[in-house]
Amino acid sequence: MSQPGIPASGGVPTSLQAQNGAASASGSPYTNGPVQNALMSSQVSVSQGYNSQLSGSYPHPIPAKTLNPVSEQPNYGDSQTVSPLSNYQGPGRTINRPPVASNPVTGSLHSGPVPRMPLPTSQNPAATPMPSGSFLRGANIPPPLNWQYNYPSTGSQTNRCPRASSQPTLSGNTNSTSHQYVSSGDPSLQNNFIKSGITSNTNNGSMVVHNSYDEIEGGGFLATPQLTNKNPTMSRSVGYSYPSLPPGYQNTAPPSTAGMPPSSLNYPSGPQAFTQAPFGASHLTASMSGLSLHPEGLRVVNLLQERNMLPSTPLQPPVPNLHEDIQKLNCNPELFRCTLTSIPQTQALLNKAKLPLGLLLHPFKDLVQLPVVTSSTIVRCRSCRTYINPFVSFLDQRRWKCNLCYRVNDVPEEFMYNPLTRVYGEPHRRPEVQNATIEFMAPSEYMLRPPQPPVYLFVFDVSHNAVETGYLNSVCQSLLDNLDLLPGNTRTKIGFITFDSTIHFYSLQEGLSQPQMLIVSDIEDVFIPMPENLLVNLNESKELVQDLLKTLPQMFTKTLETQSALGPALQAAFKLMSPTGGRMTVFQTQLPTLGVGALKPREEPNQRSSAKEIHLTPSTDFYKKLALDCSGQQVAVDLFLLSGQYSDLASLGCISRYSAGSVYYYPSYHHQHNPVQVQKLQKELQRYLTRKIGFEAVMRIRCTKGLSIHTFHGNFFVRSTDLLSLPNVNPDAGYAVQMSVEESLTDTQLVSFQSALLYTSSKGERRIRVHTLCLPVVSTLNEVFLGADVQAISGLLANMAVDRSVTASLSDARDALVNAVIDSLSAYRSSVLSNQQPGLMVPFSLRLFPLFVLALLKQKSFQTGTNARLDERIFAMCQVKNQPLVYLMLTTHPSLYRVDNLSDEGALNINDRTIPQPPLLQLSVEKLSRDGAFLMDAGSVLMLWVGKNCGQNFLSQVLGVQNYALIPQTMTDLPELDTPESARTIAFISWLRDQRPFFPILYVIRDESPMKANFLQNMVEDRTESALSYYEFLLHIQQQVNK
Ligand SMILES: [Zn+2]
């Protein structure tokens, strides 16, 4: 415990950076693949290779049935097993050697060259990207790749009331003009209040062809070196060219009508003009002024005396100490949160506080209301490319000052027109300046290529082990049920691959009477047979797809093949998808055993409980490398691992982590023995298949000059220094970043953070979702502590601890977590508290810090002394990295309620439904009683533990059973009974579920149920064999703090 903890600031240990730095170093250069051409042309050679081949087959351990080649496919002849599914009978099948172009000898496996697929475009010299970080691109424009941008000459418009815009056209892309109007997505989710009607004139004649998203999103298309230079000195000098403007916001001139054009232009007058008025210095005077609104927040708490600091209602994020006019415009903390809502002025001050500075983001969260702007002009800072936002200042009607780099920019002519009010001359009233969260329809400058179609490829493990679990039935049925709900449009493509020791493709070409199976047994050098028929248009081939999904679960029921060639199957899937990009969904049920990426068991059960020497790092870099290739081709891989045995998720998980995919894990999945997992998979698949998806995305986070982002957490690949490559983005993914204060912020009172997510919607539109968060800067340690956001801090520490576990060790990470509490509370004690009282004194804002860190130590990721399987631990770590904060906190410190005595007292009333609000309970068995029923909300799971002596009333009126013994062993639903008790309980549970986009399953747990252990494991305040109780932990912290 005496080791240094996770550094709260500054001097980031290399271990925290290595993870992404290493990825950057070894990553393939970013390119975008050619669309189709290369594939089409090379296919000829593949086909030619087949023409003269004789078939070869080899004896197979499985009783074989020889299948006749299909006559409609003469090109493939005997060289490949092409089997109509109706002919495919059970386990028997002939696995023919794939054709060998230059070596027609048959019968021997894996020998000789096989027709190759075209090189991935990352090896295409024409696609070599510009080095990232170069800001001088204007001088050296690379040639266009596979398509060309033709910009019509669009001179600056001077119309005061401009109309239709003239869009740049994009040859070969018929959709290029369709982004004039908001037309896609779920209209109910969007607040489409802006129509086009604004003239485009900001291209300024720029003809730069973008060759990477870095340039599109970050580098300016204004491409003038000194304007796009991110060198802070340069930016500052630009700012200084307006000597009359002192630095910072506080000196922003109040709106002035001096120099405005004549009133005939319909200018608004009076107080409604310029929302920036409150940005004056007066709003942020003494630090205490805002805090006086929350007197409780100023309290110093002695945790040893006040043992229960858990609020009775869910903890709300702290409100930044900003003037209400600014705060009301601020970003919703569910989307964008900072660990410190008061930013320390200097790194020295941050170091003193010993608290981590970072952001937690949920950028693609499903939103009920999202303003969508369709305008040909997206107004951004000419210097740092920040999107105009509510926290910029208007110096006058024609100039706005960037809140990130302080550059003064011109207000474009068309921005003077407000499409909402149809009034000219109100730039500050535009929705871009009124909404901290907004989405832009991106014009073609934001495209590297025509927006990709939605492409979904499913890769199924069909080995004996997989068939045993019975998962195919569930998954295929779920797919059948949701086929029409897959996000997409008429361009949606779909395909399927199955694999065991060989790889099976399915031709779904329109016009076939049934799907055809193509088996490739050469897993050493995988090739794609007839690629054009394997990923097919869903609309055109829907019946074939449905046919296949109905047939698949039966096809392999008698297989005896136990081997798993996952690596080669992934390579095949990657090749199939690389021309377009898209989403690859992989189901795996065991350790891969064949071909590239084969893994060996390395979990040793007797090491499970030890904090040392466990295998948290990948055993091969195959999955990471393939993931980086996938990322370069805009392919994300989602892994569904359903396995009873160790499957080395530490290695397999890399395929999702670096390709911006997700990992799902169902330990011991079995269709009969583990109904709970079956249900969980069904529910999660339903969400997975139907949730919103963004393709070929990149995200950049910018912050006010002086602050610097240095470490990123989440599933992605860091493309250039700060551009996250997200081949797919989904609404359930969270991200975190760490920051430091590089330059003193003494000249400013506010700082801002802006995330910009550029993506292609499933309808084929390019969109940019922008969130901007504004926070005050403070100069004293006390203020830093008062503004601490304990949930965000705990979430960021959890992310850092995962990295530390992997790069150092689990015990190191655990020590670092504990030290984070000790160091910050010591700093508070020694530097803020004037009189040294006994006890464990903490600022009110951090009253739950020790509890949350203790909960983290007991979380699956970091716990010791348990029998947690290695894969389960790794999965928990994946979740820490990839979950939005709100769910991370619920998995770490679940909410516990007593529900057998729900009343309407204090209930919410929503849509005429009364929703009881039972108080939150501490997570301790002390709070349980055998005569009650307790609901635990752990985010993705709800557990209802019913005590042995639970009142008859609850049993009969809520559970619908006459006595305790009659509660079913597996009960995952409450009956809807015609009783007030039932109505209240169901209303409360539905309300909890409505708070999240997925459907947490409810498990009713009896005393002797195996799930009870899970329930009790979450009692984080209690002592266990290997972990301290909350009180013991507090005593330990106190000892260390008072040293
Ligand atoms: Zn700027």
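Keep in mind that this is a model prediction, so the values were computed, not measured.

Calculation rules
Residues numbered from 1 in each chain as written. Predicted model: local features only at pLDDT ≥ 70, side-chain atom pairs only at ≥ 80, totals over all residues. Heavy atoms only, no water. Helix = DSSP H or I, 4+ residues; strand = E, 2+ residues; numbered from the N terminus. Buried < 20%, exposed > 50% of the residue type's maximum accessible area, 1.4 Å probe, protein only. Contact = heavy atoms within 4.5 Å. Areas by Shrake-Rupley, 256 points an atom, 1.4 Å probe, with all protein chains shown as cover. Donors = N, O, S within 2.8 Å, 3.2 Å for Na, K, Ca; no water. Lys, Arg positive; Asp, Glu negative; His and termini not counted. Salt bridge = Lys/Arg side-chain N within 4 Å of Asp/Glu carboxyl O. Polar contact = N/O pair within 3.5 Å; in protein donor to acceptor, adjacent residues only side chain to side chain. Pairing = 2+ DSSP bridges. Axes fitted to C-alpha atoms, helices over the stretch in contact; angles between N-to-C directions. Phe/Tyr/Trp six-rings, centres within 6.5 Å; stacked < 30°, edge-to-face > 60°. Lys NZ or Arg CZ within 6 Å of the ring centre and 35° of its normal. Core = buried A, V, L, I, M, F, W, Y, C linked by side-chain atoms within 4.5 Å. pLDDT = per-residue confidence, 0-100.

A.B. asks: Would you take a moment to explain the overall build of the protein for this structure?
C.D. replies: Each helix and strand in the protein was counted, giving 27 helices and 36 strands. For the protein, the proportion of its 1043 residues judged to be buried stands at 62%. By sequence separation, contacts in the protein at least 24 residues apart represent 78% of the contacts at least 6 residues apart. About 37,600 Å² of surface is accessible on the protein, with carbon and sulfur atoms providing 50% of the total.

A.B. asks: How should I be thinking about the coordination of the zinc ion in this particular structure?
C.D. replies: Six octahedrally arranged donors around a metal ideally form angles of 90 or 180 degrees; four tetrahedrally arranged donors ideally form angles of 109.5 degrees. Cys381 (SG), Cys384 (SG), Cys402 (SG) and Cys405 (SG) make up the full set of protein donors to the zinc ion, lying at 2.3 Å. Read N to C, the donor residues that coordinate the zinc ion are spaced as C-x2-C-x17-C-x2-C. For the pair formed by cysteine 381 and cysteine 384, the shared burial category is buried.

A.B. asks: Hey, could you run me through the side chain of arginine 583 in this one?
C.D. replies: In this fold, arginine 583 is placed in strand S20 (residues 582-588). An unpaired buried charge is present at arginine 583: no salt bridge exists, and aspartate 638, the closest side chain of opposite charge, is 4.3 Å distant. Polar side-chain contacts of arginine 583 include one of 3.2 Å to the side chain of tyrosine 688. Beyond its immediate chain neighbours, meaning those up to four positions away, arginine 583 contacts Val455, Tyr456, Leu457, Leu486, Met577, Ala636, Asp638, Tyr688, Leu689, Ile693, Phe695 and Asn728.

A.B. asks: Would you take a moment to explain unusual backbone geometry for this structure?
C.D. replies: Excluding glycine, residues mostly have negative phi values, and the peptide bonds linking residues are mostly trans. Not every positive phi belongs to a glycine, and methionine 530 is a case in point at roughly 35 degrees. Take methionine 530: it is sitting in the loop between strand S18 (516-520) and strand S19 (536-537). Take methionine 530: its relative accessible area is 1%, and that puts it in the buried class. In this structure, alanine 660 is a non-glycine residue whose phi angle is positive, near 65 degrees. Locating alanine 660 in the fold gives a position in the loop between helix H16 (654-657) and strand S22 (663-665).

A.B. asks: Can you walk me through the sheet that holds strand S35 (residues 941-946) in this structure?
C.D. replies: The strands making up a sheet are joined through hydrogen bonds of the backbone, oriented either antiparallel or parallel. Taken together, four strands build an open sheet; the order of strands is S31-S34-S35-S36 and the sheet is mixed. Single-partner strands in this sheet number two, and they are strand S31 (895-898) and strand S36 (1001-1005). Between one strand axis and the next, the sheet turns by 20 degrees as a mean value, whatever way the strands run. Where S35 lies against S36, five bridges are found, and the strand directions are parallel. Within S36, the position partnered with valine 941 by the bridge is isoleucine 1001. Contacts from helix H24 (residues 952-959) reach strand S34 (933-937), S35 and S36 within the one sheet, and its direction differs from that of S35 by about 140 degrees.

A.B. asks: Help me understand the packing of aromatic side chains in this model?
C.D. replies: Two descriptors summarise a pair of aromatic rings, namely the distance from one centre to the other and the angle between the planes of the rings. As enumerated under the stated definition, the model contains 24 aromatic pairs in all. A centroid spacing of 6.3 Å and a plane angle of 85 degrees characterise the contact between phenylalanine 712 and phenylalanine 716, whose relative ring orientation is edge-to-face. On the accessibility criterion, phenylalanine 716 (1% relative accessible area) is buried. Three or more aromatic residues joined by ring pairs form one cluster here, namely Phe458, Phe460, Tyr471, Phe496, Phe587, Phe640, Tyr664, Tyr666 and Tyr688. The ring of phenylalanine 999 carries lysine 683 above its face, with NZ or CZ at 4.2 Å from the centroid. Sitting over the ring of phenylalanine 844, arginine 847 keeps its end group 3.8 Å from the ring centre.

A.B. asks: Please explain the nonpolar core as it appears in this structure.
C.D. replies: Nonpolar side chains tend to gather and get buried jointly when the protein is soluble and globular. Among the nonpolar cores identified, the biggest contains 207 residues, and Met584, Phe753, Leu944 and Leu959 are the most heavily contacted of them. At 10 residues, the largest contribution of residues to this core is made by helix H20 (residues 810-831). If we skip the residues at most four places from it in the chain, methionine 584 touches Leu457, Val459, Leu570, Ala573, Phe574, Met577, Cys630, Val635, Ala636, Val637, Asp638 and Tyr688. Tyr456, Val462, Leu538 and Phe640 belong to the second-largest nonpolar core, a separate cluster that totals 42 residues.

A.B. asks: Explain the environment of valine 770 to me, please; I cannot follow it from the model alone.
C.D. replies: Looking at where valine 770 falls in the secondary structure, it is placed in strand S29 (residues 766-778). Judged by its relative accessible area of 2%, valine 770 falls in the buried class. For the pair formed by valine 770 and serine 755, sequence separation is 15 residues and the distance between their alpha carbons is 5.6 Å. Apart from residues lying up to four places away in sequence, valine 770 is in contact with Tyr387, Ala436, Thr437, Ile438, Phe440, Gln754, Ser755 and Ala756.

A.B. asks: Hey, could you run me through the side chain of glutamate 765 in this one?
C.D. replies: Looking at where glutamate 765 falls in the secondary structure, it is placed in the loop between strand S28 (750-760) and S29. When its relative accessible area of 4% is taken as the criterion, glutamate 765 is described as buried. Polar side-chain contacts of glutamate 765 include one of 3.1 Å to the side chain of arginine 767.

A.B. asks: How do you make sense of the confidence of the model for the protein when you look at a structure like this?
C.D. replies: Where the model shows low pLDDT, its predicted coordinates should not be examined in detail. Looking at the protein as a whole, the pLDDT averages 76, with 71% of positions reaching at least 70. Counting contacts from residues 1-84, a segment whose pLDDT is below 50, to residues more than four positions away or on other chains yields 214 contacts. With pLDDT under 50 throughout, residues 219-293 is counted as low confidence; its partners more than four residues away or in other chains account for 129 contacts.

A.B. asks: Quick question: what am I supposed to make of the pairing of strand S26 (residues 723-729) here?
C.D. replies: The side chains of a regular strand alternate, first on one face of the sheet and then on the other. In terms of burial, S26 is largely enclosed, as seven of its seven residues are buried. Pairing geometry for strand S25 (residues 717-718) and S26, over two bridges, is antiparallel. Residue pairing for S26: phenylalanine 717 is matched across the bridge by serine 725.

A.B. asks: What is the right way to read the sheet that holds strand S5 (residues 336-338) from this model?
C.D. replies: Strand order in the open sheet formed by four strands is S5-S7-S27-S24, and the pairing between neighbours is antiparallel. The sheet is open, and its two edges are formed by S5 and strand S24 (707-713), each paired on a single side. Looking at each pair of strands side by side, their axes are set apart by 25 degrees on average, direction ignored. Pairing of S5 with strand S7 (residues 358-361), which is carried by three bridges, proceeds in the antiparallel orientation. In the strand pairing of S7, arginine 337 is matched with leucine 360. Sheet strands touched by helix H19 (residues 790-807): S5, S7, S24 and strand S27 (735-741). Its angle to S27, the strand with the most contacts, is close to 95 degrees.

A.B. asks: Would you mind showing me how to read the pattern of salt bridges here?
C.D. replies: For side chains bearing opposite charge, pairing can occur when the charged atoms are close. For the coordinates displayed, the defined rule picks out 33 salt bridges. The partner of glutamate 765 in a salt bridge is arginine 767, and the shortest N-O contact between them spans 3.1 Å. Take glutamate 765 and arginine 767: they sit in the same class, and that class is buried. Between arginine 804 and aspartate 812 there is a salt bridge; the shortest N-O distance is 3.6 Å. Judged by its relative accessible area of 9%, arginine 804 is buried.

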